[in-house]
Amino acid sequence: IKRIIQKLAISNHAIEFNLSINNKTIIKTNSLRISSVHESLKNRVSEILGKDFVENSIPLNQKIENFRFSGILGIPTFNHSNSNNQYLFVNGRIVSDKSINMIFKLAYRDFIPFDRYPQLILFIECPFSEVDVNVHPAKSEVRFQDTKFLRSNIINLFKETIAEVGHRSSTVNTSKAINKFSGDNVYQN
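What you see is a predicted model, and the numbers here were worked out from it, not measured in a lab. (Residues numbered from 1 in each chain as written. Predicted model: local features only at pLDDT ≥ 70, side-chain atom pairs only at ≥ 80, totals over all residues. Heavy atoms only, no water.)

Chemist: Is there a simple way to explain the overall build of the chain in this structure?
Modeler: Helix and strand counts for the chain come out as six helices and eleven strands. Expressed as a percentage of contacts within the chain between residues at least 6 apart in sequence, the contacts between residues at least 24 apart total 64%. As displayed, the chain offers around 11200 Å² of accessible surface, 50% of which is attributable to carbon and sulfur atoms. (Helix = DSSP H or I, 4+ residues; strand = E, 2+ residues; numbered from the N terminus. Contact = heavy atoms within 4.5 Å. Areas by Shrake-Rupley, 256 points an atom, 1.4 Å probe, with all protein chains shown as cover.)

Chemist: So what exactly am I meant to see when it comes to the pattern of salt bridges here?
Modeler: Pairing is possible between side chains that carry opposite charge, provided their charged atoms lie close to one another. Scanning the entire structure with this criterion turns up three salt bridges. Across the pair Glu-39 and Lys-42 runs a salt bridge whose closest N-O atoms are separated by 3.5 Å. Of this pair, Glu-39 and Lys-42 both sit in helix H2 (residues 37-49), separated by three residues, roughly a single helical turn. The exposure class of Lys-42 is partly exposed, given its relative accessible area of 27%. Its salt-bridge partner being Asp-110, residue Lys-159 comes within 3.1 Å of it at the nearest N-O pair. (Salt bridge = Lys/Arg side-chain N within 4 Å of Asp/Glu carboxyl O. Buried < 20%, exposed > 50% of the residue type's maximum accessible area, 1.4 Å probe, protein only.)

Chemist: In this structure, what is going on with the packing of helix H4 (residues 98-108) against helix H5 (residues 147-163)? I would like to understand it.
Modeler: Direction vectors running N to C along H4 and H5 enclose 40°, while the axes themselves pass 9 Å from each other. In terms of orientation, H4 and H5 fall into the oblique class. Like other packed secondary-structure pairs, H4 and H5 cross with a definite hand, here right-handed. Contact residues: Ile-103, Phe-104, Leu-106, Ala-107 and Tyr-108 in H4; Arg-151, Ile-154, Ile-155, Phe-158, Lys-159 and Ile-162 in H5. A breakdown of the residues in the contact of H4 with H5 according to their chemical character gives nine nonpolar, no polar and two charged. (Axes fitted to C-alpha atoms, helices over the stretch in contact; angles between N-to-C directions. Parallel < 35°, antiparallel > 145°, perpendicular 65-115°, else oblique. Left-handed = near helix turned anticlockwise from the far one by under 90°. Nonpolar A, V, L, I, M, F, W, Y, C, P; charged D, E, K, R; others polar.)

Chemist: Can you help me understand the nonpolar core in this one?
Modeler: A general tendency of soluble globular proteins is for nonpolar side chains to be buried together. Of all hydrophobic cores here, the largest spans 48 residues; its most connected members are Phe-69, Ile-121, Leu-122, Ile-124, Phe-144, Ile-154 and Phe-158. Of the residues forming this core, the biggest block, seven residues, is contributed by H5. Contact partners of Ile-124, with chain neighbours within four places excluded, come to Phe-67, Arg-68, Phe-69, Leu-88, Phe-89, Val-90, Asn-91, Phe-144, Leu-150 and Ile-154. (Core = buried A, V, L, I, M, F, W, Y, C linked by side-chain atoms within 4.5 Å.)

Chemist: Looking at this structure, I do not really get the sheet that holds strand E9 (residues 120-125). What am I missing?
Modeler: Picture the strands of a sheet paired through backbone hydrogen bonds; they go either parallel or antiparallel. Strand order in this open sheet of five strands is E3-E4-E9-E6-E7, and the pairing throughout is mixed. If you trace the sheet from one side to the other, it starts and ends with strand E3 (57-64) and strand E7 (93-95), each paired once. Looking at each pair of strands side by side, their axes are set apart by 15° on average, direction ignored. Here six bridges tie strand E4 (residues 67-74) to E9, and the two strands are oriented antiparallel to one another. Paired with Ile-72 across the bridge in E9 is Ile-121. In the packing of H2 onto the sheet, the strands contacted are E3, E4, strand E6 (86-90) and E9, and the crossing angle to E4 comes to about 45°. Sheet strands in contact with H4 are E4, E6 and E9, and its direction is about 120° off that of E6. (Pairing = 2+ DSSP bridges.)

Chemist: What exactly am I supposed to notice about the side chain of Ser-11 here?
Modeler: With respect to the helices, strands and loops of the structure, Ser-11 is situated in helix H1 (residues 2-11). Here Ser-11 falls in the buried class, since its relative accessible area comes to 18%. Each residue touching Ser-11, except ones within four places of it in the same chain, is listed here: Phe-89 and Phe-123.

Chemist: Which parts of the structure should I look at to understand unusual backbone geometry?
Modeler: What is expected of a backbone is that most residues other than glycine have negative phi and most peptide bonds are trans. Positive phi values are uncommon outside glycine, yet Asn-22 reaches one of about 55°. Among the secondary structure elements, Asn-22 is positioned in the loop between strand E1 (18-21) and strand E2 (24-28). Under the relative-accessibility criterion, Asn-22 is labelled exposed at 74%.

Chemist: Help me out: how do you make sense of H4 in this one?
Modeler: The α-helix advances 3.6 residues per turn, and as a result positions three or four apart in sequence lie on the same side. Those residues of H4 that sit buried are Ile-100, Asn-101, Ile-103, Phe-104, Lys-105, Ala-107 and Tyr-108. Residues of H4 that are buried make contact with E4, E6, strand E8 (117-118), E9, strand E11 (143-144) and H5.

Chemist: What exactly am I supposed to notice about the packing of aromatic side chains here?
Modeler: When we look at a pair of aromatic rings, we describe it by the centre distance and by the angle of the planes. Inspection of every chain in the model, using the stated rule, returns seven aromatic pairs. Here the aromatic rings of Phe-67 and Phe-69 are separated by 6.0 Å at their centres, their planes lie at 10°, and the arrangement is stacked. In this structure, Phe-67 and Phe-69 share a single accessibility class: buried. Ring centres of Phe-67 and Phe-144 lie 6.2 Å apart, and the angle between their planes is 45°; on these two criteria the pair is classed as tilted. Note that Phe-67 is positioned in strand E4 and Phe-144 in strand E11, a separation of 77 residues in sequence. Side by side, Phe-67 and Phe-144 carry an identical accessibility label, which is buried. Seen from the ring of Tyr-117, Lys-105 lies directly overhead, with NZ or CZ sitting 4.3 Å from the centre. (Phe/Tyr/Trp six-rings, centres within 6.5 Å; stacked < 30°, edge-to-face > 60°. Lys NZ or Arg CZ within 6 Å of the ring centre and 35° of its normal.)

Rendered as structure tokens:
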């Protein structure tokens, strides 16, 4: 339930979401009206996934032919041990598609170890004729008319966007490294 509410909250920034389990607040968001869609997304992601996700990500907003790709991409050093932190939305629909997750992994393959997964949120907007949503009974998977077009554009777009980061490293990893080398952990002669 928590994962479903997280996904719904990320894709609907203008709506307030509250989830309580056994009288404990699990998710609580605000319905802020921010003029910029990207700022609204960053605010919502910070509420749902934490500030680290936003601080270690870069914005994505690109139109290629009839497709608009937007969201935030985690920098390469901000990766995860599985694909749980990959959020995909196609025409506003929550999608969980292993074949598209593999495209994400391919796009990052030059930047992260093979056993790690990028963290990202991607919104794909396209004409309804370009995508078939009736592939899976729960409508959680989609099939694009031209998967080669989608694959090559996502890979190129991600690589270009990631290249803009340069040598910036994750604040989470930096903090962990500093903590390991500070205090009693430092080797002394």
